[in-house]
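Each chain, letter by letter, is given below.
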Amino acid sequence: MQFYQKEIQLPAFNRGYHLITGVLLEVLPELENIQIGQLQIFIKHTSASLTINENADPTVRIDFESHINKMVPENMPYYKHDYEGSDDMPAHIKSSMLGCQVQIPITNGELNLGTWQGVYLGEHRNHGGRRKIVLTAFGS
């Protein structure tokens, strides 16, 4: 069994959903040493999220942002936590809804994603800044 772990810092992204699969593959060439295993991707923030979805048509990411903003609107009178602005509490809710980690099978040294799947960073803040991600690959 082999284990690899790296912590990376992504560049700051605008609010919305961003494909980061290529970045992850670029910083983890050790995947090629694993024939059967798993990659866990964990984001160390409470106002951003990770998910897996459509990697070809960018309008899917636009629709994600539009829909989740209707589901979790800003400036709701019942929000108490607004120390960092009107996008703060909604960002925490969105992060909890989508989650802070994804796990992907590794097969023959490659991520075993579906044809149209990619890893998204969900940036839920207007100015979220650089996000830290921990990548843990393991297998044999």
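Please refer to the structure higher up on the page.
Computed from a predicted structure; not experimentally measured.

1. With respect to the overall build of the chain
Thinking step 1. Summing up its helical and strand segments, the chain has three helices and eight strands in all.
Thinking step 2. Ordered by position from N to C terminus, the α and β elements of the chain give β-β-α-β-β-α-α-β-β-β-β.
Thinking step 3. In terms of overall dimensions, the chain is globule-like: its C-alpha atoms have a radius of gyration of 16 Å, near the 14 Å expected for 140 residues.
Thinking step 4. For the chain, the spread of C-alpha atoms along the principal axes amounts to about 50 × 30 × 20 Å.
Thinking step 5. Considering the chain as a whole, with its 140 residues, one finds that 39% of them fall into the buried category.
Thinking step 6. Within the chain, contacts between residues separated by at least 24 positions form 84% of all contacts whose residues are at least 6 apart in sequence.
Thinking step 7. Here the chain displays about 7,700 Å² of accessible surface, and carbon together with sulfur accounts for 53% of that area.
Thinking step 8. Where the 11 positive side-chain charges of the chain centre and where its 15 negative ones centre are 6 Å apart.

2. Brief notes about the packing of aromatic side chains
Thinking step 1. Scanning all chains against the criterion turns up five aromatic pairs.
Thinking step 2. A connected cluster of aromatic rings, assembled from ring pairs, spans Y17, F64 and Y120.

3. Describing the nonpolar core
Thinking step 1. The biggest cluster of nonpolar side chains holds 22 residues, and the ones touching the most others in it are I20, L39, I41, I133, L135 and A137.
Thinking step 2. Those elements that place two or more of their residues in this core are β1 (2–9), β3 (36–43), β4 (48–54), β5 (101–107), β7 (117–123) and β8 (132–139).
Thinking step 3. L39 has contacts with L28, V102, Q103, I104, I106, L111, L135, T136 and A137, leaving out every residue within four places of it along the chain.

4. Notes on helix α3 (residues 88–98)
Thinking step 1. Buried residues of α3: D88, P90, A91, H92, K94 and S95, and no others.
Thinking step 2. Summarising the contacts, the buried residues of α3 are in contact with β4 and α2 (59–71).

5. A few points about the sheet that holds β4
Thinking step 1. One open sheet accounts for three strands, arranged β2-β7-β4; its pairing is antiparallel. Either end of the sheet is taken by a strand with one partner, and the two such strands are β2 (16–19) and β4. With strand direction ignored, the average angle separating the axes of adjacent strands in the sheet is 35°.
Thinking step 2. Pairing of β2 with β7 involves four bridges; the strand directions are antiparallel. Residue G16 lies in a different strand from β7, and its bridge partner there is E123.
Thinking step 3. Strands in contact with α2 are β2, β4 and β7; relative to β2, the strand with the most contacts, it is inclined by about 150°.

6. A word on the pattern of salt bridges
Thinking step 1. Tallied over the full model, the rule gives eight salt bridges.
Thinking step 2. Between R15 and E65 there is a salt bridge, with the nearest N and O atoms lying 3.1 Å from each other. On the criterion of sequence distance, the pair formed by R15 in the loop between β1 and β2 and E65 in helix α2 is long-range, its members being 50 residues apart.
Thinking step 3. Residue classification places R15 among the partly exposed positions, given a relative accessible area of 22%.
Thinking step 4. Between R15 and E74 there is a salt bridge, with the nearest N and O atoms lying 2.5 Å from each other. Here the residue R15 occupies a position in the loop between β1 and β2, and E74 occupies one in the loop between α2 and α3, the gap between them amounting to 59 residues.

Rules of the game
- Residues numbered from 1 in each chain as written.
- Predicted model: local features only at pLDDT ≥ 70, side-chain atom pairs only at ≥ 80, totals over all residues.
- Heavy atoms only, no water.
- Helix = DSSP H or I, 4+ residues; strand = E, 2+ residues; numbered from the N terminus.
- Rg over C-alpha atoms; globule rule 2.2 N^0.38 Å.
- Buried < 20%, exposed > 50% of the residue type's maximum accessible area, 1.4 Å probe, protein only.
- Contact = heavy atoms within 4.5 Å.
- Areas by Shrake-Rupley, 256 points an atom, 1.4 Å probe, with all protein chains shown as cover.
- Lys, Arg positive; Asp, Glu negative; His and termini not counted.
- Charge placed at Lys NZ, Arg CZ, Asp CG, Glu CD.
- Phe/Tyr/Trp six-rings, centres within 6.5 Å; stacked < 30°, edge-to-face > 60°.
- Core = buried A, V, L, I, M, F, W, Y, C linked by side-chain atoms within 4.5 Å.
- Pairing = 2+ DSSP bridges.
- Axes fitted to C-alpha atoms, helices over the stretch in contact; angles between N-to-C directions.
- Salt bridge = Lys/Arg side-chain N within 4 Å of Asp/Glu carboxyl O.

Any link to function would need more than the numbers given here.
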